[in-house]
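The lines below spell out each chain.
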Amino acid sequence: MKKSPVTRIVILAAVFNAVILQVVARGEYPSANGAQWYSPGTATSGSTSNKRGVDYTSERLSYTVNPNNLTILNGDIVFGQYDDFVKQFHILSYPSFIYPNTICEKDIPRSHHHRRALHPRDTPQQWPDAKIIYKYYSDEVKSRVGPYVLEAIERWHLKSPFLKFEEVNVSCDDVPGQLTITSIDCGGCNANFGYSSTKPLYMNLQQSSDCKAPGLRHTGCYTDDATHLFGHVVGLKHQTERVDSDEHQVFSCKNLVDYDPKQPENCHYEECMGWACTFRVDKKKQVCGPYDIQSVMQFAHDMFAKPGTSTLEDKRNTGEHLPRYNVPFPTSLDSIQVCDLYPSQCTGFCGNGIVDPGEECDTGTNLYTDGCTPACKSYKYQK
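Summary of the structure given here.

Each value, and the rule that gives it
Residues numbered from 1 in each chain as written. Predicted model: local features only at pLDDT ≥ 70, side-chain atom pairs only at ≥ 80, totals over all residues. Heavy atoms only, no water. Helix = DSSP H or I, 4+ residues; strand = E, 2+ residues; numbered from the N terminus. Buried < 20%, exposed > 50% of the residue type's maximum accessible area, 1.4 Å probe, protein only. Areas by Shrake-Rupley, 256 points an atom, 1.4 Å probe, with all protein chains shown as cover. Expected span 1.5 Å × (residues − 1). Bend = angle between axes of the 7 residues up to and from the residue. Contact = heavy atoms within 4.5 Å. Salt bridge = Lys/Arg side-chain N within 4 Å of Asp/Glu carboxyl O. Pairing = 2+ DSSP bridges. Right-handed = clockwise from strand over helix to strand, strands pointing away. Core = buried A, V, L, I, M, F, W, Y, C linked by side-chain atoms within 4.5 Å. Disulfide = S-S within 2.5 Å. Axes fitted to C-alpha atoms, helices over the stretch in contact; angles between N-to-C directions. Parallel < 35°, antiparallel > 145°, perpendicular 65-115°, else oblique. Left-handed = near helix turned anticlockwise from the far one by under 90°. Polar contact = N/O pair within 3.5 Å; in protein donor to acceptor, adjacent residues only side chain to side chain.

### Thoughts on the overall build of the protein
The number of helices and strands found in the protein is six helices and 14 strands. Taken over 383 residues, the protein has a buried fraction of 50%. Accessible surface, the protein as shown: approximately 18400 Å² in total, 54% of it carbon and sulfur.

### Quick word on helix α4 (residues 139–159)
For α4, built from 21 residues, the straight-helix expectation of 30 Å at 1.5 Å per residue is met to within 8% by its first-to-last C-alpha distance of 29 Å. Along its length, α4 reaches its greatest deviation from straightness, about 60°, at valine 145, and the proline proline 147 lies no more than four positions downstream. Among the residues making up α4, those that are buried are Val141, Val145, Gly146, Val149, Ala152, Ile153, Arg155 and Trp156. The inward-facing, buried residues of α4 contact β8 (131–136), β9 (164–167), β10 (179–182), β12 (201–205), α5 (223–234) and α6 (332–341).

### A closer look at the pattern of salt bridges
Within the structure shown, the criterion is met by six salt bridges. When the shortest N-O distance is used, the salt bridge between aspartate 224 and arginine 155 registers 2.7 Å. Residue aspartate 224 is located in helix α5, and its partner arginine 155 is located in helix α4; the two are separated by 69 residues in the primary sequence. What makes aspartate 224 partly exposed here is its relative accessible area of 25%. Exposure remark for arginine 155: the relative accessible area of 9% places this residue in the buried category.

### Overview of the environment of serine 171
Along the polypeptide, serine 171 turns up in the loop between β9 and β10. On a C-alpha basis, the gap between serine 171 and tyrosine 136 in space is 6.5 Å, while along the polypeptide they are 35 residues apart. If we ignore the near neighbours within four places in the chain, the residues touching serine 171 are Lys135, Tyr136, Tyr137 and Thr180.

### Quick look at the pairing of β9
The pairing of β8 with β9 spans four bridges and is classified as parallel. When the bridges of β9 are listed, lysine 131 appears paired with lysine 164. Each parallel crossover has a hand, and the one from β8 via α4 to β9 is right-handed.

### Description of the nonpolar core
Membership of the largest hydrophobic core comes to 37 residues, with the highest contact counts inside it found for Val149, Leu163, Met203, Leu205 and Phe230. Sorting the residues of this core by element identifies β8, α4, β10, β11 (189–192), β12, α5 and α6 as the ones contributing at least two each. In terms of residue count, α4 provides more of this core than any other element does, six residues in total. Those residues in contact with leucine 163 that lie beyond four places of it in its chain are Ala130, Ile132, Trp156, His157, Val234 and Val338. Residues Cys272, Trp275, Phe279 and Ile293 belong to the second largest nonpolar core, which totals 14 residues.

### Digging into the state of the cysteines
A covalent bond bridging the sulfur atoms of two cysteines is what the word disulfide describes. Applying the stated criterion to the full structure yields four disulfides. What pairs with cysteine 339 in a disulfide is cysteine 346, and their sulfur atoms sit 1.9 Å apart. Because the sign of the S-S torsion sets the handedness, a value of about 45° for the bond joining cysteine 339 and cysteine 346 places this disulfide among the right-handed ones. Given a relative accessible area of 1%, cysteine 339 falls into the buried group. Taking the relative accessible area as the measure of exposure, cysteine 346 reaches 1% and is therefore buried.

### Brief notes about the packing of α4 against α5
Interhelical geometry of α4 versus α5 gives an angle of 55° and a closest axis separation of 8 Å. One way to sum up the angle between α4 and α5 is to call them oblique. Crossing of α4 against α5: the hand is right-handed. Contacts between α4 and α5 involve Tyr148, Val149, Glu151, Ala152, Ile153, Arg155 and Trp156 from the former and Thr223, Asp224, Ala226, Thr227, Phe230 and Gly231 from the latter.

### Focus on unusual backbone geometry
The phi dihedral of asparagine 74 is positive, around 50°, even though this residue is not glycine. You can see asparagine 74 is positioned in the loop between β4 (70–73) and β5 (77–81). With a phi angle near 60°, aspartate 129 is a residue other than glycine that sits in the positive phi range. Of note, aspartate 129 is situated in the loop between α3 (113–116) and β8.

### Examining the side chain of serine 335
Secondary-structure assignment places serine 335 in helix α6. Judged by relative accessible area, which is 11%, serine 335 ranks as buried. In this structure the side chain of serine 335 is engaged in a polar contact, spanning 3.3 Å, whose partner is the side chain of serine 160. Serine 335 has contacts with Lys159 and Ser160, leaving out every residue within four places of it along the chain.

### A short note on α5
Compared with the 16 Å implied by 1.5 Å per residue over 12 residues, the 17 Å span of α5 between its first and last C-alpha is a close match. Across the 12 residues that make up α5, a large majority, 11, are buried. The set of residues buried in α5 consists of Thr223, Asp225, Ala226, Thr227, His228, Leu229, Phe230, Gly231, His232, Val233 and Val234. Phi turns positive, to about 125°, at glycine 235, one or two residues after α5.

In structure tokens, the structure reads:
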């Protein structure tokens, strides 16, 4: 018997609701609203200015929005919910399915400490007692990515044994001050920057999926990715943000997957658009210690590049070589940077400012200009 149009609509609606309920029950998405890849929106504009006693800054960053409605800055740093994002940022262009778009930071007073904790350009808020409290969103997520997470934690323990990682019970609840690990398909590899006691924190480790958006990752996130993301979680930034990064590598903007030869100005520092903004350096941040091109926080040579090309190339006459793939293990310099973030917990290690057994000196910095090397060996410095 032929079904009427009304009957067909009712049947289709029932099937759709059943599918959504199954997806949520499996732990794939924290909410049915996360089914869309991007969420368009509007934002209030702001101007850059300096007022007495308050420092206002403005800069451009690339951003995407994942299926869970979280805004991702500079490729892999979780800012937070998109609704909060548009309240603090001025949108220059909206997300599309293919490429990230560009934002200009709205005036944010530096006195708002809880906002700064999730901004990739600012000093991160430290985890209390250097203890990262994490949980999995569901048992299924734990079975999918748990081995990669545990191996990444072990890698950090080898270099920074004072860091503590405490796993709590599986829960889909958003808990401020706890890192919830998810595995959302098409959600990418990303995590929060530093700690926040007032906001829930996230790490997503996407597994192989059918995502086909050019320029966006459509493979899985495994141990090396989790190791890099835990670097962000404890408070480390990308090496490419350092103001001296151009002394160690060459940025080839024309090889970006979203490069438009008709608009070369999109590669300029102050006028960047799209993925080019991910490679902007932090000119306001003072350099501390030598550049570590083998850091676990260093971009690989083909980050956001067109197939078969490189966005980062070796700098001539430096003797340094960019990693061809993600760096798997934290380096000694990575460990020293973590010590600088957690000096009270970093005892018995080079870089904690205390001369421990086996050390000739320990000035608590990464500088070569103070008579003590990053390996805590003394040497005579001559100006």
